[in-house]
Amino acid sequence: MKTSLRRTLKTVTTGALAAAMLSLGVAAASAHVTVSPDDPAANGYTHLSFNVPNESVTAKTDKVVVNLPVDAPFTSVSVRQLEGWTAKVITSKLPKPVIINGTTVTKAPSAVVWTADAAHEVGQNEYQTFALSVGKLPKAGTTITMPAVQTYTDGSTVEWNETAVAGKAEPEHPAPSFVTTAEDAAAPAAAAEGQSSNNGLSILGLVLGAVGFLLGGSALGIVIAGRRKSAAK
């Protein structure tokens, strides 16, 4: 029994250690600059969160540049303030004019640059989140790619600009990207439909109430008439 118990404990321990090492390996491999939208629905606005980990063991991250799309540009870009970091939105002339909602756009925000002061640089085993509010998003199914450049205090840079290809291994420095989804349903239309249904139920209730009132009155009349006949006899 003791031998069996020891073997079981050894097996469980070995499995747990292997799972932990595998988890650490996956975490290390996935330490990329990534972007997460809170609502990627087409023709709407969204908040983008860029997670930037520090991958250097000798230097800190003191500057981050995110390049915005120019083929389907954002006409609105706002930066959330971040303590210890200054942000600058750069507007540039587009390679070619783009028509957005019937308007020809020739200039649009093309990049955002964040720069840290000495006290807020991202150190080893640390990461920072940078947030933007952008819009409007292009049609559903559009892949929005935003290459980034990460600068370290030793002067070195890492360009996160490689494109991931389905069926192939993930590149070493993939560009942050996301895919737009179907446009959100119009809330007013849903509200109008609900209001119409409520109105229909209200009318049905009034009709049933009137019918009940008439039936009740008829029944009362029959009862009174029957009593009068009985009294006459």
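Preceding this paragraph is the structure being described.
The structure presented is a predicted model; accordingly, all values stated were derived computationally and were not measured.

Caption draft 1: Here's a closer look at the sheet that holds strand S6 (residues 103–116). One open sheet holds the five strands; their spatial order is S5-S6-S3-S9-S10, and the pairing between them is antiparallel. One side of each edge strand has no neighbouring strand; the edge strands of this open sheet are strand S5 (85–100) and strand S10 (157–160). Going across the sheet, the axis of each strand differs from the next one's by a mean of 15°, ignoring polarity. Strand direction decides the pairing type here: S5 and S6, joined by twelve bridges, are antiparallel. Bridge pairing links Val89 to Val112 in S6.

Caption draft 2: Spatial organisation of unusual backbone geometry. Note the cis peptide between Gly135 and Lys136, where omega equals -10°. Tracing the backbone through its elements, the reader meets Lys136 in the loop between strand S7 (127–135) and strand S8 (143–145). With a phi close to 50°, Asn101 is a non-glycine residue in the positive phi region. With respect to the element layout, Asn101 can be found in the loop between S5 and S6.

Caption draft 3: Summary view of the nonpolar core. In terms of nonpolar packing, the biggest core is built from 27 residues, with Leu132 and Met146 touching the most fellow members. Those elements that provide at least two residues to this core are strand S2 (46–53), strand S3 (61–67), S6, S7, strand S9 (148–152) and S10. Contact partners of Met146, with chain neighbours within four places excluded, come to Val35, Leu48, Phe50, Val66, Asn67, Leu68, Pro69, Phe74, Pro176 and Phe178.

Caption draft 4: Highlighting the packing of aromatic side chains. Evaluated as defined, the whole model comprises two aromatic pairs. Seen in terms of ring centroids, Trp114 and Phe130 are 5.0 Å apart; in terms of plane orientation they differ by 45°. Their pairing is tilted. Taken together, the residues span a long stretch of sequence, with Trp114 in strand S6 and Phe130 in strand S7 at a distance of 16 residues. Just as Trp114 is buried, Phe130 falls in that class too. Through pairs of rings, three or more aromatic residues link up here, namely Trp85, Trp114 and Phe130.

Caption draft 5: Region of interest: the sheet that holds strand S1 (residues 34–37). Strands sit in the order S1-S2-S7-S4 across an open sheet of four strands; the sheet is antiparallel. Lying at the two open borders of the sheet, with one neighbouring strand each, are S1 and strand S4 (76–79). Sheet twist, expressed as the mean angle between neighbouring strand axes with direction ignored, is 25°. Note: S2 against S7, eight bridges, orientation antiparallel.

Caption draft 6: Just the environment of Leu82, in detail. Considering the arrangement of structural elements, one finds Leu82 in the loop between S4 and S5. For the pair Leu82 and Ala116, spaced 34 residues apart in sequence, the C-alpha to C-alpha distance is 9.5 Å. Sequence-distant contacts of Leu82, that is, excluding residues within four places in its chain, are made with Gln128, Thr129 and Phe130.

Caption draft 7: Region of the structure containing the environment of Thr86. Its place among the elements puts Thr86 in strand S5. For the pair formed by Thr86 and Thr115, sequence separation is 29 residues and the distance between their alpha carbons is 5.3 Å. Sequence-distant contacts of Thr86, defined by excluding residues within four places in its chain, comprise Val113, Trp114 and Thr115.

What counts and how
Residues numbered from 1 in each chain as written. Predicted model: local features only at pLDDT ≥ 70, side-chain atom pairs only at ≥ 80, totals over all residues. Heavy atoms only, no water. Pairing = 2+ DSSP bridges. Helix = DSSP H or I, 4+ residues; strand = E, 2+ residues; numbered from the N terminus. Axes fitted to C-alpha atoms, helices over the stretch in contact; angles between N-to-C directions. Core = buried A, V, L, I, M, F, W, Y, C linked by side-chain atoms within 4.5 Å. Buried < 20%, exposed > 50% of the residue type's maximum accessible area, 1.4 Å probe, protein only. Contact = heavy atoms within 4.5 Å. Phe/Tyr/Trp six-rings, centres within 6.5 Å; stacked < 30°, edge-to-face > 60°.

Limitation: the analysis is restricted to geometry and does not speak to function.
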